[in-house]
Structure formats: C-alpha cells, structure tokens
Amino acid sequence: MEFIRRLYYFRRIKLAGGRGGNAMENNPEKTTGSTDFIREIVARDRAVGKNGGRVATRFPPEPNGYLHIGHAKSICLNFGIAAENPGGVCHLRFDDTNPAKEEEEYVRSILEDVRWLGFDPAEHVYYASDYFERLYGYAEELIRAGKAYVCDLSREEIRAHRGTLTEPGQESPWRNRPAGESLDLFRRMRAGEFADGARVLRAKIDMASPNLNLRDPTIYRIRRQTHHRTGERWCIYPMYDFAHCLSDAIERITHSICTLEFENNRPLYDWFLEQLAVSPRPRQIEFARLNLSHTVLSKRKLLELVEKGTVAGWDDPRMPTLAGMRRRGYTPEAIRGFCETIGVAKRDSVVDLALLEHCLRDDLNRRVRRVMAVLNPLKVTIENYPEGKVEYLEAVNNPEDPAAGIRTIPFTRDLYIERDDFRMEPPKKFFRLGPGREVRLKHAYFIKCERAVTDPATGEVTELRCTYDPATRSGGAADGRKVKGTLHWVSAEHSAPAEVRLYDTLFSDPAPGTGGRTLEESLNPASLEVISGGRIEPSLAEARPGDHFQFLRIGYFTADPESRPGRPVFNRTVPLRDTWAKIERKQ
RNA sequence: UGCCCGGUGGUGUAAUGGUAACACAUCGGCCUUUGGAGCCGAGUUUCGAGGUUCGAGUCCUCGCCGGGCAGCCA
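Residues numbered from 1 in each chain as written. Chains lettered and ligands numbered in written order. Predicted model: local features only at pLDDT ≥ 70, side-chain atom pairs only at ≥ 80, totals over all residues. Heavy atoms only, no water.

### Re the protein's contact with RNA strand B
Phase 1 of the analysis: Contacts to RNA strand B come from 74 residues, most closely from Glu40, Arg347, Arg370, Ser474 and Gly475.
Phase 2 of the analysis: For RNA strand B, the backbone portion of the atoms within 4 Å of the protein, that is sugar and phosphate, comes to 58%.
Phase 3 of the analysis: Between RNA strand B and Arg221, the relevant distance is 2.7 Å, taken from a phosphate oxygen to a side-chain nitrogen or oxygen of the residue.
Phase 4 of the analysis: Residue Arg432 places a side-chain N or O atom 2.8 Å away from a base nitrogen belonging to RNA strand B.
Phase 5 of the analysis: If you list the elements that add at least two residues to the surface near RNA strand B, you get helix 1 (2-16), helix 7 (155-161), strand 6 (218-222), helix 14 (353-367) and helix 16 (579-586).
Phase 6 of the analysis: Classifying every residue of the surface near RNA strand B by side-chain character gives 25 nonpolar, 20 polar and 29 charged. (Near = heavy atom within 4 Å. Polar contact = N/O pair within 3.5 Å; in protein donor to acceptor, adjacent residues only side chain to side chain. Helix = DSSP H or I, 4+ residues; strand = E, 2+ residues; numbered from the N terminus. Nonpolar A, V, L, I, M, F, W, Y, C, P; charged D, E, K, R; others polar.)

### A word on the sheet that holds strand 12 (residues 377-382)
Phase 1 of the analysis: The 7 strands are arranged 19-16-17-18-12-15-20 in an open sheet whose pairing can be described as mixed. Strand pairing shows two members of the sheet lacking a second neighbour, strand 19 (486-487) and strand 20 (489-491), which therefore form its edges.
Phase 2 of the analysis: With 4 bridges connecting them, strand 12 and strand 18 (residues 461-469) associate as parallel partners. Within strand 18, the position partnered with Thr381 by the bridge is Arg465. (Pairing = 2+ DSSP bridges.)

### Let's talk about the pattern of salt bridges
Phase 1 of the analysis: Evaluation of the coordinates by the stated rule reveals 48 salt bridges.
Phase 2 of the analysis: Residues Glu383 and Arg465 are paired through a salt bridge, measuring 3.0 Å at the closest nitrogen-oxygen approach. Residue Glu383 is located in the loop between strand 12 and strand 13 (391-396), and its partner Arg465 is located in strand 18; the two are separated by 82 residues in the primary sequence.
Phase 3 of the analysis: One salt bridge connects Asp421 with Arg432, and the closest N-O pair in it is separated by 3.0 Å. Separated by 11 residues along the polypeptide, Asp421 in the loop between strand 15 (414-418) and strand 16 (438-441) and Arg432 in the loop between strand 15 and strand 16 bring together distant segments of the chain. One exposure class covers both Asp421 and Arg432, and it is buried. (Salt bridge = Lys/Arg side-chain N within 4 Å of Asp/Glu carboxyl O. Buried < 20%, exposed > 50% of the residue type's maximum accessible area, 1.4 Å probe, protein only.)

### Structural notes on the environment of Asn213
Phase 1 of the analysis: In this fold, Asn213 is placed in the loop between strand 5 (200-203) and strand 6.
Phase 2 of the analysis: On the accessibility criterion, Asn213 (23% relative accessible area) is partly exposed.
Phase 3 of the analysis: Taking the C-alpha atoms as reference points, Asn213 and Glu140, 73 residues apart in sequence, are found 21 Å from one another.
Phase 4 of the analysis: Each residue touching Asn213, except ones within four places of it in the same chain, is listed here: Asn264, Asn265 and Leu268.
Phase 5 of the analysis: Of the polar contacts made by the side chain of Asn213, one reaches the backbone oxygen of Asn264; its length is 3.0 Å. (Contact = heavy atoms within 4.5 Å.)

### Description of the side chain of Ser293
Phase 1 of the analysis: Turning to its location among the elements, Ser293 is positioned in the loop between strand 9 (283-287) and helix 11 (299-307).
Phase 2 of the analysis: Overall, Ser293 belongs to the buried group, its relative accessible area being 8%.
Phase 3 of the analysis: A polar atom in the side chain of Ser293 sits 2.9 Å from the backbone nitrogen of Leu353.

### So, helix 4 (residues 69-84)
Phase 1 of the analysis: In this model helix 4 runs 22 Å from its N-terminal to its C-terminal C-alpha over 16 residues, within 8% of the 22 Å that 1.5 Å per residue would give.
Phase 2 of the analysis: Taken across its 16 residues, helix 4 has 14 buried, putting it largely inside the fold. (Expected span 1.5 Å × (residues − 1).)

### Brief notes about the nonpolar core
Phase 1 of the analysis: Of all hydrophobic cores here, the largest spans 39 residues; its most connected members are Phe186, Tyr220 and Phe242.
Phase 2 of the analysis: For this core, the secondary-structure elements that each account for two or more residues are helix 6 (132-144), strand 4 (148-151), helix 8 (179-191), strand 5, strand 6, strand 7 (236-238), helix 9 (240-250) and helix 10 (266-275).
Phase 3 of the analysis: In terms of residue count, helix 6 provides more of this core than any other element does, 7 residues in total.
Phase 4 of the analysis: Apart from residues lying up to four places away in sequence, Phe186 is in contact with Tyr136, Ala139, Glu140, Ile143, Val150, Leu201, Tyr220 and Ile236.
Phase 5 of the analysis: The next biggest cluster of nonpolar side chains, apart from the first, holds 37 residues, and it includes Ile110, Ala334, Cys359 and Leu364. (Core = buried A, V, L, I, M, F, W, Y, C linked by side-chain atoms within 4.5 Å.)

### Some words on the sheet that holds strand 6
Phase 1 of the analysis: Taken together, the 4 strands give an open sheet; going across it, the order is 4-5-6-7, and neighbouring strands pair in antiparallel fashion. In this open sheet, the two strands that pair with only one neighbour each are strand 4 and strand 7. If you compare each strand with its neighbour and ignore which way they point, the axes differ by 20° on average.
Phase 2 of the analysis: Pairing analysis gives 3 bridges linking strand 5 to strand 6, with the strands arranged antiparallel. Bridged to Val200 within strand 6 is Arg221.
Phase 3 of the analysis: The sheet contacts of helix 6 involve strand 4, strand 5, strand 6 and strand 7, and relative to strand 6 the element is tilted by about 120°. (Axes fitted to C-alpha atoms, helices over the stretch in contact; angles between N-to-C directions.)

### Concerning helix 3 (residues 37-47)
Phase 1 of the analysis: All buried positions along helix 3 are accounted for by Ile38, Arg39, Ile41, Val42, Ala43 and Asp45.
Phase 2 of the analysis: Where helix 3 begins, the capping side chain belongs to Asp36, and its oxygen is found 2.9 Å from the backbone nitrogen of Ile38.

### Topic: the environment of Pro510
Phase 1 of the analysis: The topology assignment puts Pro510 in the loop between strand 21 (496-503) and helix 15 (519-522).
Phase 2 of the analysis: Residue classification places Pro510 among the partly exposed positions, given a relative accessible area of 46%.
Phase 3 of the analysis: Expressed as a C-alpha distance, the spacing of Pro510 and Ile285, which sit 225 residues apart in the sequence, is 30 Å.
Phase 4 of the analysis: Not counting chain neighbours up to four residues away, the residues in contact with Pro510 comprise Ser293, His294 and Thr295.

### A short note on the packing of aromatic side chains
Phase 1 of the analysis: Summed over the entire model, instances satisfying the criterion amount to 23 aromatic pairs.
Phase 2 of the analysis: Taking 5.3 Å as the distance between ring centres and 80° as the angle between the ring planes, the aromatic pair formed by Phe411 and Trp489 counts as edge-to-face. In this pair, Phe411 is assigned in strand 14 (residues 406-411) and Trp489 in strand 20, connecting sequence segments 78 residues apart. Take Phe411 and Trp489: they sit in the same class, and that class is buried.
Phase 3 of the analysis: Note on Tyr445 and Tyr468: the rings are 4.8 Å apart at their centroids and 80° apart in plane angle, and the pair reads as edge-to-face. Here Tyr468 lies in strand 18 and Tyr445 lies in the loop between strand 16 and strand 17 (446-454), a separation of 23 residues in the sequence.
Phase 4 of the analysis: Each member of the aromatic cluster is reached from another via a ring pair, and the members are Phe132, Tyr136, Phe186, Tyr220, Trp234, Tyr237, Phe242, Trp271 and Phe272.
Phase 5 of the analysis: When the ring centre of Tyr136 is taken as origin, the NZ or CZ atom of Arg190, which lies over that ring, is 4.5 Å away.
Phase 6 of the analysis: Taking the ring centre of Trp116 as reference, the NZ or CZ of Arg326 above it sits at 5.1 Å. (Phe/Tyr/Trp six-rings, centres within 6.5 Å; stacked < 30°, edge-to-face > 60°. Lys NZ or Arg CZ within 6 Å of the ring centre and 35° of its normal.)

Bear in mind that shape data such as this cannot, by itself, settle questions of function.
Laid out in structure tokens, this is it:
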C-alpha cells in the first residue's frame, strides 16, 4: 500500500516539476508572511484586474462612542490592506446616519485615536451625512422605478406584518400605491409635513423572503433631531443598509470589509447597488469581530460602564478603549503587533488577554528605559557606610538597547528597598533578604542584613540595619562569592515621592456578564490599587505624561496625564512576569 | 427550528487534495548584576458517521454543536 502511495506522490512531484520550489510559481498570489482570506481575495481581484487593479477600503465607525481594541483590528485590516497594495487607499468614513446617538466629541476622539494608532487617512476623511442629498436622490430614483414606497403603517404594524423566522410576512396595504403618490409623500416627508414615525420609506423586495432583511426593509425614517453636522437641515434620515452600500459606491470603495453580523445584510447591500445600477460595485466581505477574555467590547456595555461611573471615563486605564489603553501605557506598536498576531478569520473566537499582554511586553521590553522605584518602602541603613557620603553609580538604561546609554544614580547610607524583598523567616527558594543574608543591590554593592528593627507594639519591621562590602561595587565580589538575589532600591535622601496606580483587569471573570452573572458581579474588586507612598529614583522626577518605563523587577509604567512636576503619578501598564509569585503560589 | 455563517491542541491562527505547523498559555531545563529578557525541550489537535480518491483538516452527503437575523440601531 505504502509503495503505491509513494508512487503517486512522487509522480505528482515529477509532474509539478519539483516540490516546495514551485509553490510560488504555481500560486503567484500566495505571498510569504502573514495573510488571511480577505487579503487573498484582494490579491486575487488585483491579479485578474478587477476594479482596474485598484484597491480602496474604508473604516466606517458610527460616532456614537470611543474606539476600542476591536476597532483596532478593523483599522489595522483596512488601512493595512490599503498600505500593502500599490496605490491602495483607505477612507475614514463617519457613518453618521442616526443623529439620536451621535456626537461631535466622538468624531474628535475617533480621528485622534486612528492617528495615534499610526494610520493617517490624510484627506480621505468622509461623512455619510455629506451624501444625504445624493442618497435622497437615489431614494427618489428607487420610488420612480417602483422599487420603493412610502408606508403609513405604524412601527408596531410593520413588525406584525414582518412575519417570523419560520413564517412569511404580509404585504403592507400601502405597498402598491402608485409611484407618483409615494414620490409626493416622500417629498412631503422631507419637507417636514408629517410627525416623527408617521410614515417611512420602504424598499419593495419580498415579504416572504427567508432572509428577514429582505422583507421590505425601512430605508428612510422621520426623525426631528439635531444632527451634529447637518443641524436642522434634515428631518428624514437614511437607514444603514441603504446608506452604507451607496456611500461605499460613491467613494468607489472596492472592498467593503465588515463584521460577521452583517452577513445577512449582504444580499440587501447588493440589491440596492443592483437596482440603482451603480458602478463599479464594491464587494462586502465579513470577518469575525474581536473578543477578548476578561473584557467587554460592545459600545453599549462600555457606555454603561462610563455612565454608571463604574470607571472614571472613556479613557479610564482599565477600559479597552484606545484612549484608555493609551493612558494605561499601551503603545500603538504593541496594539498593531497584536492585531497582526491574532489574524483574521470567520470563526467566532475569544482571544486570551495574555496574548495582548505578551505583545505589549514584547514591544516595551525592546524600547523602554529601566529605572528603579520602590512601591512599598522599607528603610535600610548601611551601618558601615559614612553618613553624608554620596556615590553616583552608573546604571545601564536598557540592556536590550545599548544605544539607550547609561545614567548615574546616587547611593547613600540610608536607602529604601521593597518591603516584599525582606522576610523575617525566608521560605524555601526565597532568594531575597532575611536576617543574616546577603544580596546584591542592583548597580551597587552586596549588602548583608545584620538585624531587623521591629516596632515593639506591632511587631512590624520598621528598619533593616545592614553592612555593605566595599569590594563588591558594580556587583561582583572580589573573592568570587555569589549571591542569589538582586534587589532594586532608591536613596532615601535623593528619591522622590510618587503616586502609583496599580491597574488590573476590570473584570475578574474571563467572560464577563455570562454564566448567570451580571456585568457588575463579574467586576474585579481589585482592578485599581492606589499607592501613595512610593519612592522613585531622581531621574524619574522629569518624567512627562506618556513616558514609558520599566520599574526594575516590578513592571512597565507610564506617567499619567495628571502627573505634574513635583507630583508625579504613574500607571502600571502591565506587571513583569513574576516567577517567584508562581513558586510561592505553589508552596 | 426558516435562512445565513462557522467548527483544527487550553487559546488564537496556518496548512489552497500530498509528512498537521506557528504564536500565546502550561510544564521542565539552561542562563542571568531584573526570579525580567533570552535559549533549549515537553505535552495535548482536525466535531461525528458515511462517501469520492492511491491519498481528505481540505471535496460530497447526512448528522451534531456554536454564532447571526424578526430596529423607524449600526
């Protein structure tokens, strides 16, 4: 059997003229590196000269909330495809067809966030509301062609006529009214002659369609509401299905990429374009939206968190919004790297938050300066170090990046170390300080703990009396003896106080709001811990909002926008991987 | 239960009829002036049943499971 398999196998290779080497020749569109089914469609279309080889995508947010990491996936996809194809372009289009939910502030933030992420729409910023007049014209055209009609049914009646998932709908009694009458009524709708909700314009398709979207969908409604751009000019507004495909066509979009829940809308998308004979015709392609563990990514739920005051605002560092992540200390590079890593497919999935954090650390590790900060200080006195003496020791800024250079840090008799780095009775595998133990102070000397001073009332350790070995400066011992631990520290006199905000996931539940729990019940009660007694090394006093650092042995931090000279505030972006915590957990 | 779309390790994504791979996570080891980073290694995978084929994750049929759709939201 095996030899037969081999025979055919090798014959195929022979016919193909070789194995691996021909993959590229046979498949010119197959590129190396990361690709996905959408990029393959785009490449194929280009290869056959569709759209004249042009590639135009669009990112079309409704300005009714802040952009979040899920939007980043779409932005990276759409702008990415445009950038990868010669002459490609990606439009940023505000899908502002529902004035009830949209605001100027959201337009502002979206523009800011797209640019921050690293994509520049340049002059290609558009608004669906700019097309209102043209869309209105298309609607009249549809009416004249007998493909749309004004319907006087109430909202409830329309719903009742729609039928169900298993039963066909019934036609509206207004469905066959003369086109001239519909046209007159539609013009009067525009003119403001009717009350909100009194009439709608509907596409005349098929009330028995198994696809409910095709059962004479509403395409215009009367809504007296100030629009953030058109003001009071209009009192009728087009619906998504009508406006979106035509906006794409107007902008000569070639590939209209959206999320899976619009799959059933595609036939409608195509229907309007076909009826109105617009050309060239954009193609809608759907992909799975991003879901992240320990996170919610629906605008409705995020709005709720903001409005209920669960978080401090859209840019709360615990929010998955781009504004929140930026404030948390995420970099555009990390987010883009993440979007590339997760790929694009049609399968519903939930990405592990750990992957996002990996991408974050991966970026920060390469680029960020190491500094020393003590979050929970414990005083250390070096008994054999002269009072008043100061030595400036050299410290490497980033071992991953020699170009980052070095700085000096002051060493003195009185220091602070992390309280967690001392144990009166060190457990097994605890490599840090304890009575009689010796450790290295990073960039400085070996110190030995001679005794711990405790508060007789509480038993709390208040100070460590230590000695140092002058022969271990720069970290090595002349006699070759080793120490197992290396601690971070700051000079008591030279360090500055700082507020440090330790952020964790907003939800402790991997799938918030599911499994019988409400969103509230899924919250992480420890998502924010504010530390006011932190001490930072002198160089950190100059930190400017948005600067990124690694606090040695602790994690990555960024200076908050609220940070002021003399009153620095740092946000923990993500902790360092902590092997000791893992060991301790198992013990 | 009508229509549409999906189902590949714990998670995500590849494999385009020809040896199921990469990343994260997990576990172990090495290294280390960060218990960081890095390096090496391990385990676990094609929803099920038939069919086509020399050969099926891939094509066909029937199931099963998951998601979407009954806004004058997008």
